[in-house]
Amino acid sequence: MALLTTTYDFTGTPEHPAEIVARLEARNPQVVKVAFKAAATRDLRRVLELYRRPATCPLVAIAMDEWGEASRLLPAALGLPWTYAMD
């Protein structure tokens, strides 16, 4: 069992990021972490919607760049394993 399974996409947010999370969860990790570049509000929304889906393990999902700031603040409020903030 992996402690952490993670993926980054520095090019953008996929249309269906939940499919990527499901593939990572299939590896039976203790935590799944995904990070996608956000270029607009719709990208941030797709990342935040990941927290609404049933999960088999804790999830850390963040949107990168300026559009993603909210995603780095909300996980702490949801009691998730960790979050990231900008200085």
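Fair warning: this is a prediction, and the values are worked out from it, not measured in the lab.

Novice: Let's hear about the pairing of strand β3 (residues 59–64): which residues, and what values?
Specialist: Of all the six residues making up β3, six are buried; the element is thus mostly covered by neighbouring parts of the structure. Here β3 shows a buried face lined by L59, A61 and A63 and a second buried face lined by V60, I62 and M64. On the question of chirality, the crossover connecting strand β2 (residues 31–37) to the parallel β3 by way of helix α2 (residues 41–48) is right-handed.

Novice: Go over the environment of A38 with me, naming the residues and quoting the values.
Specialist: Here A38 lies in the loop between β2 and α2. The exposure class assigned to A38 is buried, which follows from its relative accessible area of 3%. Each C-alpha atom, one on A38 and one on T11, is 8.6 Å from the other, the two residues being 27 residues apart in sequence. Excluding residues within four positions of it along the chain, A38 makes contact with T13, D43, L44, A63, M64, D65, W67 and G68.

Procedures and definitions
- Think of each chain on its own: its residues are numbered from 1, step by step along the sequence as written.
- Reporting of local features is limited, given that this is a predicted model, to residues whose pLDDT is at least 70; pairs of side-chain atoms are given and counted only at 80 or more, and all residues count toward the totals for whole chains, interfaces and linings.
- Side-chain measures here rest on the full set of heavy atoms in the structure, leaving out hydrogens and waters.
- Relative accessible area decides the class of each residue, using a 1.4 Å probe on protein chains only: under 20% of the type maximum gives buried, over 50% gives exposed, and in between gives partly exposed.
- The way it works is that DSSP assigns letters per residue, a run of H or I at least four long becomes a helix, a run of E at least two long becomes a strand, and they are numbered from the N terminus.
- The crossover handedness rule: strands pointing away from the viewer, path from first strand over the helix to second strand clockwise, crossover right-handed.
- Residues count as neighbours in contact if any of their non-hydrogen atoms are within 4.5 Å of one another.

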